[in-house]
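One-letter residues, chain by chain:
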Amino acid sequence: MIGQKDLAGSFTMPGNSMTLNRTGYGAMQLAGPGVWGPPQDVNTAIAVLREAVESGVNHIDTSDFYGPHVTNQLIKQALYPYAKDLVIVTKVGARRGPDKSWLHALSRPELVDAVHDNLRNLGLERLEVVNLRVGGITEPGQESIEEPLTVLAELKRQGLIRHIGLSNITAKQLAEAQAMTDIVCVQNFYNVAQRNDDAFIDDLAAQGIAYVPFFPLGGFTPLQSSALDAAAAALEATPMQVALAWLLQRSSNILLIPGTSSLAHLRENLQSSTLQIPSELIADLDAIGGNA
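Each value, and the rule that gives it
- Residues numbered from 1 in each chain as written.
- Predicted model: local features only at pLDDT ≥ 70, side-chain atom pairs only at ≥ 80, totals over all residues.
- Heavy atoms only, no water.
- Helix = DSSP H or I, 4+ residues; strand = E, 2+ residues; numbered from the N terminus.
- Rg over C-alpha atoms; globule rule 2.2 N^0.38 Å.
- Buried < 20%, exposed > 50% of the residue type's maximum accessible area, 1.4 Å probe, protein only.
- Contact = heavy atoms within 4.5 Å.
- Areas by Shrake-Rupley, 256 points an atom, 1.4 Å probe, with all protein chains shown as cover.
- Lys, Arg positive; Asp, Glu negative; His and termini not counted.
- Charge placed at Lys NZ, Arg CZ, Asp CG, Glu CD.
- Core = buried A, V, L, I, M, F, W, Y, C linked by side-chain atoms within 4.5 Å.
- Pairing = 2+ DSSP bridges.
- Salt bridge = Lys/Arg side-chain N within 4 Å of Asp/Glu carboxyl O.
- Axes fitted to C-alpha atoms, helices over the stretch in contact; angles between N-to-C directions.
- Parallel < 35°, antiparallel > 145°, perpendicular 65-115°, else oblique.
- Left-handed = near helix turned anticlockwise from the far one by under 90°.
- Nonpolar A, V, L, I, M, F, W, Y, C, P; charged D, E, K, R; others polar.

A.B. asks: Got a minute to help me understand the overall build of the protein chain in this structure?
C.D. replies: Counting secondary structure elements, the protein chain contains 10 helices and 11 strands. In summary, the protein chain has a C-alpha radius of gyration of 18 Å against a globular reference of 19 Å for 292 residues, a match within 12%. Along the three orthogonal principal directions, the C-alpha set of the protein chain runs to about 50 × 45 × 40 Å. Counting the 292 residues in the protein chain, one finds 53% classified as buried. Here the analysis covers contacts within the protein chain between residues at least 6 apart in sequence; of these, 74% occur between residues at least 24 apart. In the form shown here, the protein chain has an accessible surface area of approximately 12400 Å², with 52% of it arising from carbon and sulfur atoms. Once the 20 positive and 30 negative side-chain charges of the protein chain are each reduced to a mean point, those two points are 7 Å apart.

So this is what it looks like as structure tokens:
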């Protein structure tokens, strides 16, 4: 058994007693190349999931369109029956085309089918948190989300979903959603270099809503990458560890879901939760967001 780690404290979701350790795990990379098909080494994938939970992770992010179906089936194989405090967060709103493309899937039948696919492949009778994914790959759109959210709200009333979150959305779309149902988390593109959601994060923190950034090293320019490398060298850590630690220090409502299919990288990612960045280096890292 791996010893319990300090995972940067915990966060309690609004309006309920669901408490998540702030460093979680994202399962997307457990699927094969291009998030398609099975992994090359199923045993290692299972070992990564088990070590994550044994290390204190109680928040796993997944979706049935990863693989498709692959990551959820691996999670069930590795962890079922699930620990009482384990929260599996999944998402709907997309599907995979036969050519491995990523397509929107926001119609009523597609959303209902997606929820049932997640339930079946995870072996659950109710999904704890379902994120509605809208917008593009990294940037939100401006369209109304009332129609697809109405479907998830109905499934919530039926008892198939406990809580609803949103992914790739704007503050305006959040307000639209909150007029319809409670929202417990937002999952958007954000990192030390991509800072469009700075004000949004602060607003969510004031409301007690979790913010879960994806692509913690995505969209960096060479100049930004070199600045991060310099900070990592000063801290004797990897750039990924520094990027994750910066996010944890950015706001107490930020929850991390770094993904990996490697045990070594999993351990490195978890170690980032204990990395304390001094204020002078925080200032240097904050400046990265302004460097083109």
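That shown, we press on.
A.B. asks: Is there a simple way to explain the nonpolar core in this structure?
C.D. replies: Nonpolar side chains tend toward joint burial in soluble globular proteins. In this structure, Tyr25 and Val242 are the most contacted members of the largest nonpolar core, which totals 80 residues. Ranked by residue count, the leading element in this core is helix α8 (residues 239–250), at seven residues. Counting 13 residues, the second largest nonpolar core, distinct from the first, contains Phe11, Met18, Val89 and Leu255.

A.B. asks: Honestly, the sheet that holds strand β3 (residues 25–26) in this entry has me stumped. Any pointers?
C.D. replies: Adjacent strands of a sheet pair through backbone hydrogen bonds, lying either parallel or antiparallel. Read across the sheet, seven strands follow the order β3-β4-β5-β8-β9-β10-β11 without closing on themselves; strand pairing throughout is parallel. Edge strands, defined here as strands with exactly one partner in the open sheet, are β3 and β11 (210–214). Bridge count between strand β8 (residues 127–133) and strand β9 (residues 161–167): six bridges; the pairing is parallel. For leucine 127, the partnering residue across the bridge sits in β9 and is isoleucine 161.

A.B. asks: Is there a simple way to explain the environment of leucine 285 in this structure?
C.D. replies: By secondary structure assignment, the location of leucine 285 is in helix α10 (residues 279–288). The spatial distance from the C-alpha of leucine 285 to the C-alpha of asparagine 43 is 38 Å, given a sequence separation of 242 residues. Ignoring sequence-local partners within four residues, the contact set of leucine 285 consists of Val192, Arg195, Leu228, Ala231, Val242, Trp246 and Ile277.

A.B. asks: Could you clarify how one ought to interpret the pattern of salt bridges in this entry?
C.D. replies: A side chain of one charge can pair with a side chain of the opposite charge when the charged atoms of the two come close. Applying the stated criterion across every chain yields a total of 10 salt bridges. For the salt bridge of lysine 91 with aspartate 61, the shortest nitrogen-to-oxygen distance reads 3.0 Å. A residue pair is termed long-range when its members are at least 10 positions apart, and lysine 91 in strand β5 (residues 87–92) and aspartate 61 in strand β4 (residues 59–61) qualify at 30 residues. No difference in accessibility class separates lysine 91 from aspartate 61, as the two residues are buried. Salt-bridge contacts for aspartate 198 lead to arginine 250; the nearest nitrogen and oxygen are separated by 3.3 Å. Taken together, the residues span a long stretch of sequence, with aspartate 198 in helix α6 (residues 198–207) and arginine 250 in helix α8 at a distance of 52 residues.

A.B. asks: Just to check I follow, could you spell out the packing of helix α7 (residues 222–235) against α10 for this structure?
C.D. replies: When two helices pack together, their arrangement is given by the angle between the helix axes and the distance between those axes. For the pair α7 and α10, interaxial distance at closest approach is 9 Å and the crossing angle is 165°. Taken together, the axis directions place α7 and α10 in an arrangement best described as roughly antiparallel. Our pair here, α7 against α10, has a crossing hand that is left-handed. Of the residues in α10, those touching α7 at Gln224, Ala227, Leu228, Ala231, Ala234 and Leu235 are Leu281, Leu285 and Ile288. Of the residues belonging to the contact of α7 with α10, the class tally is eight nonpolar, one polar and no charged.

A.B. asks: In this structure, what is going on with the side chain of histidine 59? I would like to understand it.
C.D. replies: Within the secondary structure, histidine 59 sits in strand β4. Judged by its relative accessible area of 3%, histidine 59 is buried.

The analysis is restricted to geometry; functional conclusions fall outside its scope.
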